[in-house]
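Next come the chains, spelled out residue by residue.
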Amino acid sequence: MSDNPAVSVTSNPLFVWVIGGIAALGLLLAQRDWWLGIWVAWTALTQTWTGTLHGFEEIELTAFGAWALVMVREMAPTKHRLAVRLLLIGATLQVLYGLGQMAGYDPLWMGWQKFEGATAAQGSLGNPNYFGVYLAMLIPLAPLWLAVLLFVGLLTSKCALGLVAACVGLGVQHRHALGRWVLLVAVLASGWVLVAKDWYSARHRVDVWTLALQHTHGWQWVIGHGPGSWINTIPQAQVQQSVWAHSLFAQAHNDPLQLLYTGGAIGAGLMAAWAWSKRRMFTGPYGGAVAAML
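Since the structure is predicted, the reported quantities are computational estimates derived from the model, not experimental observations. (Residues numbered from 1 in each chain as written. Predicted model: local features only at pLDDT ≥ 70, side-chain atom pairs only at ≥ 80, totals over all residues. Heavy atoms only, no water.)

1. Considerations on unusual backbone geometry
The backbone phi angle of Ser242 is positive, close to 55 degrees, even though this residue is not glycine. Among the secondary structure elements, Ser242 is positioned in the loop between helix H13 (229-240) and helix H14 (255-277). Taking the relative accessible area as the measure of exposure, Ser242 reaches 62% and is therefore exposed. Although it is not a glycine, Trp244 sits at a positive phi angle of roughly 50 degrees. For Trp244, the location among the structural elements is in the loop between H13 and H14. When its relative accessible area of 18% is taken as the criterion, Trp244 is described as buried. (Helix = DSSP H or I, 4+ residues; strand = E, 2+ residues; numbered from the N terminus. Buried < 20%, exposed > 50% of the residue type's maximum accessible area, 1.4 Å probe, protein only.)

2. Some points on H13
When the terminal C-alpha atoms of H13 are compared, their 17 Å separation across 12 residues agrees well with the 16 Å that a helix rising 1.5 Å per residue should span. Those residues of H13 that fall on the buried side of the exposure criterion are Ser229, Trp230, Ile234, Pro235, Ala237 and Gln238. Where H13 ends, the next residue or the one after it, Ser242, has phi of about 55 degrees, a positive value. (Expected span 1.5 Å × (residues − 1).)

3. A short note on the nonpolar core
Leu88, Ile139, Leu150, Phe151 and Leu154 are the most contacted members of the largest nonpolar core, which has 24 residues in total. Among the elements of the structure, helix H5 (77-103), helix H7 (128-138), helix H8 (144-157), helix H9 (160-173) and helix H15 (287-293) are those that each provide at least two residues to this core. Top element by residues in this core is H8. It accounts for 6 residues. In this structure, Ile139 is in contact with Ala147, Leu150, Phe151, Leu154, Ala166 and Leu170, ignoring residues within four places of it in sequence. If you look at the next biggest cluster of nonpolar residues, it comprises 22 residues, including Phe15, Ile19, Ala44 and Trp67. (Core = buried A, V, L, I, M, F, W, Y, C linked by side-chain atoms within 4.5 Å. Contact = heavy atoms within 4.5 Å.)

4. Structural notes on the pattern of salt bridges
Oppositely charged side chains can form a pair if their charged atoms are brought close together. Inspection of every chain in the model, using the stated rule, returns 3 salt bridges. Here Arg73 and Asp33 are joined by a salt bridge, their closest N and O atoms 2.9 Å apart. Of this pair, Arg73 sits in helix H4 (residues 53-73) while Asp33 sits in the loop between helix H2 (13-29) and helix H3 (34-46), and the two are 40 residues apart along the sequence. As a salt-bridge pair, Lys278 and Asp33 come within 3.8 Å of each other at their nearest N and O atoms. Of this pair, Lys278 sits in the loop between H14 and H15 while Asp33 is found in the loop between H2 and H3, placing the two residues 245 residues apart along the sequence. When its relative accessible area of 25% is taken as the criterion, Lys278 is described as partly exposed. Residues joined in a network through salt bridges with shared partners are Asp33, Arg73 and Lys278. (Salt bridge = Lys/Arg side-chain N within 4 Å of Asp/Glu carboxyl O.)

5. Notes on the packing of H7 against H8
It is at 9 Å that the axes of H7 and H8 come closest, and there the two elements cross at 155 degrees. With respect to each other, H7 and H8 are oriented roughly antiparallel. Seen from above, H7 lies across H8 with left-handed handedness. Seen from H7, the contacting residues are Pro128, Phe131, Gly132 and Leu135; seen from H8, they are Leu150, Gly153, Leu154, Thr156 and Ser157. Here the contact of H7 with H8 is built from residues that sort into 5 nonpolar, 4 polar and no charged. (Axes fitted to C-alpha atoms, helices over the stretch in contact; angles between N-to-C directions. Parallel < 35°, antiparallel > 145°, perpendicular 65-115°, else oblique. Left-handed = near helix turned anticlockwise from the far one by under 90°. Nonpolar A, V, L, I, M, F, W, Y, C, P; charged D, E, K, R; others polar.)

6. So, the environment of Ile38
Mapped onto the fold, Ile38 is located in helix H3. Along the sequence, Ile38 and Leu27 sit 11 residues apart, while their C-alpha atoms lie 6.1 Å from each other. Dropping the residues within four chain positions of it, Ile38 is found in contact with Gly26, Leu27, Ala30 and Leu270.

Shown next as structure tokens:
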């Protein structure tokens, strides 16, 4: 008998069948995108030595997210342009809403009554960092006049990582002379925000990342701890070793590190091989957005 309700799912033979099905889905995807499909299949198979419900959620999202990426990539160019326009319209509306928050109006979260004003805008996303990185990925896709407005919205988020990402994206997207001036202004504006930023959260994250690396041994460097393993091990390790135990990390807030932790060198290597095989995406029409996302 076990006190863990997850056992009723993970000990069921059907669970193994689902793992195999998702791995087969990855192999089917490999016919369209070799490295991405193999990575999906590997991620599913690693669930066999984790056996957690969180792992099941992760391999599902991995598989369906990869398939969605391939389907969007294979859409007609005219539909790509339409999708970009819709994304930029959404970003513009979010920035206008964020500026309203800074002015003291936030009907979604605070009702219609005016308040003193937010210290950082978050749009309708509920978190200034979500708002910041959302805008950072879309700014390189915008025409320069709209990119200026979106960048103002990004500054109101006070998201350090988003500011760095947007500067990288703009630098990749606009490699000509005009783009260099745009990038210079972006860097100066970002520097003004970054210098005044409290780096408390950065120290917090580095300490937790160091703990995760110390928690990895032997074959775990090669095959990983398995999908969904971070949330099962690192928060407990934080408590046991008193590493920011008052603020537990359910996720790494660092995708490359979490990929290495859960999938090992094999998982990280497969994803690196996929990125290399698609390296032309950095010089295509959406290269700046891809660079900002990374």
